[in-house]
Amino acid sequence: MTHQRRQQAMWRVLASLLALSSGALSLDKLNMCMDAKHHKINPGPEGKLYLQCAPWRDNACCTANTSIEAHDDTSYLYNFNWNHCGVMSPKCKKHFTQDTCFYECSPHLGPWIQPVDQSWRKERILNVPLCNEDCHSWWEDCKNDFTCKTDWHKGWDWSSGINRCPEGSRCRKWTEVYPTPKSMCEQIWSNSYLHTSHSKTSGRCMQLWFTGPNPNRKVAEYYLNNAQRRQSFALTALLLPAVASFSVTMY
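As the structure is a prediction and not an experimental result, all values here were calculated from the model.

1. What about the overall build of the protein chain?
- Scanning the protein chain for helices and strands turns up seven helices and six strands.
- In the protein chain, the succession of α and β elements from N to C terminus is α-α-α-β-β-β-α-β-β-α-α-β-α.
- Long-range contacts, defined as pairs at least 24 residues apart, comprise 66% of the intrachain contacts of the protein chain with a sequence gap of at least 6.

Encoded structure:
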């Protein structure tokens, strides 16, 4: 084999490795369900999703029963009591219902799904970029409500079967616990969400609230493509010295 042909063969190997790495990264991450307590194995149509969960009916990771339970004050989904510091206002509660629908139903969270070692789920979402409008309206509608905890994922008293404020805590006004929309969106579910300055028209943030075709697939595709480019660049940086060294030995 001539030197030129050896070089061509090496470059073909490099290109193949880059293509395989990109393919592995994108494997169904644009249309998948996380491995969690109530999620379906695979997304698909659910024509009878209830009220606020209805926008996901064309392609959902939740069932109709899950969508109904998402609207209850204390549902069988997680036995979570929204009214742990008095009755939560309806305008605040609607955002938590929407948050639950988004978490349970969305098939486009793949780029942010991470493995987790918890008894009730094997995967979670981390740093999902939320649109500025959704985060701010959520905080605005809840700012006159009360809570006793910053991170609602952990630290509750579950001795009664539902979450209660832990001993030694006290109910405080929302704005005391969460001074800003950013603090609420990022802290309330252990950094499941990332506050952004992006608007819904940017194509760079995930929307909790939408009507019509789901806009979040294109957002997930944008972030997935960015991740692929970073991975390809890193792999190229690792392989190029090896290719160059091999080429030198062929002279």
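So that's the structure; there's more coming.
2. Concerning the pattern of salt bridges
- The full count for this structure, using the stated rule, is seven salt bridges.
- Notably, a salt bridge pairs Arg170 with Glu176, separated by 3.1 Å at the nearest N-O pair.
- Looking at Glu176, the relative accessible area reads 40%, which means it is partly exposed.
- The closest approach of N and O atoms between Arg172 and Glu176, which form a salt bridge, is 3.8 Å.
- Here the salt bridges do not stand alone but share partners, grouping Arg170, Arg172 and Glu176 into one network.

3. Side note on helix H4 (residues 132–142)
- Turning to H4, its buried residues are Asp134, Cys135, Trp138, Trp139, Asp141 and Cys142.
- As for H4, its buried residues are in contact with helix H3 (90–105), helix H5 (174–177), helix H6 (181–187) and strand S6 (193–195).

4. Re the confidence of the model for the protein chain
- Overall, the prediction assigns the protein chain a mean pLDDT of 84, with 79% of residues at 70 or greater.
- Here residues 13–25 is a poorly scored stretch, pLDDT under 50, and it has 17 contacts once near neighbours within four places are set aside; other chains count.
- In the predicted structure, residues 231–236 sits below a pLDDT of 50 and forms 11 contacts with residues beyond four places in sequence or in another chain.

5. As for the nonpolar core
- Ranked by internal contacts, the top residues of the largest apolar core, which has 48 residues, are Phe96, Leu109, Trp138, Trp152, Trp174, Trp189 and Tyr193.
- Where this core is concerned, the elements lending two or more residues are H3, strand S3 (128–130), H4, H5, H6 and helix H7 (216–249).
- In terms of residue count, the dominant contributor to this core is H3 (six residues).
- Those residues in contact with Tyr193, other than ones at most four positions away along the chain, are Asp99, Phe102, Ile125, Asn127, Val128, Leu130, Trp138, Cys185, Glu186 and Leu208.

6. Let's talk about the state of the cysteines
- Taken as a whole and judged by the stated rule, the model has eight disulfides.
- The disulfide partner of Cys33 is Cys61, and the S-S distance across this bridge is 2.1 Å. An S-S torsion of about -95 degrees defines the bridge between Cys33 and Cys61 as left-handed. Of this pair, Cys33 sits in the loop between helix H1 (3–26) and helix H2 (64–69) while Cys61 sits in the loop between H1 and H2, and the two are 28 residues apart along the sequence. Note on accessibility: Cys33 and Cys61 belong to one class, buried.
- The disulfide bridge from Cys131 ends at Cys205, spanning 2.1 Å between sulfur atoms.

7. Looking at unusual backbone geometry
- Unlike most non-glycine residues, Asn79 shows phi in positive territory, near 55 degrees.
- Along the chain, Asn79 turns up in the loop between H2 and H3.
- For Asn79, a relative accessible area of 34% puts it in the partly exposed group.
- Positive phi, normally seen in glycine, also occurs at Ser190, with a value near 55 degrees.
- Along the chain, Ser190 falls in the loop between H6 and S6.

8. Re the side chain of Lys149
- Counting through the fold element by element, Lys149 comes out in the loop between strand S4 (146–147) and strand S5 (172–173).
- Within the buried core, Lys149 has no salt-bridge partner, and the shortest N-O distance to an opposite charge, that of Asp151, equals 6.2 Å.
- Apart from residues lying up to four places away in sequence, Lys149 is in contact with Lys154, Gly155, Trp156, Pro166, Val177 and Tyr178.

9. Remarks on the packing of aromatic side chains
- For the structure on display, the rule yields 20 aromatic pairs.
- Here Trp82 and Trp152 contribute two aromatic rings whose centre-to-centre distance is 6.3 Å and whose plane-to-plane angle is 40 degrees, an arrangement assigned as tilted. One end of the pair, Trp82, is in the loop between H2 and H3; the other, Trp152, is in the loop between S4 and S5, and 70 residues separate them in sequence. The pair formed by Trp82 and Trp152 is uniform in burial state, with each residue classed as buried.
- The ring of Trp156 carries Lys149 above its face, with NZ or CZ at 5.6 Å from the centroid.

10. Structural notes on H3
- Spanning 16 residues, H3 covers 22 Å between terminal C-alpha atoms, matching the ideal 22 Å at 1.5 Å per step.
- With 13 of 16 residues buried, H3 is to be regarded as a mostly interior element.

Parameters and conventions
- Residues numbered from 1 in each chain as written.
- Predicted model: local features only at pLDDT ≥ 70, side-chain atom pairs only at ≥ 80, totals over all residues.
- Heavy atoms only, no water.
- Helix = DSSP H or I, 4+ residues; strand = E, 2+ residues; numbered from the N terminus.
- Contact = heavy atoms within 4.5 Å.
- Salt bridge = Lys/Arg side-chain N within 4 Å of Asp/Glu carboxyl O.
- Buried < 20%, exposed > 50% of the residue type's maximum accessible area, 1.4 Å probe, protein only.
- pLDDT = per-residue confidence, 0-100.
- Core = buried A, V, L, I, M, F, W, Y, C linked by side-chain atoms within 4.5 Å.
- Disulfide = S-S within 2.5 Å.
- Lys, Arg positive; Asp, Glu negative; His and termini not counted.
- Phe/Tyr/Trp six-rings, centres within 6.5 Å; stacked < 30°, edge-to-face > 60°.
- Lys NZ or Arg CZ within 6 Å of the ring centre and 35° of its normal.
- Expected span 1.5 Å × (residues − 1).

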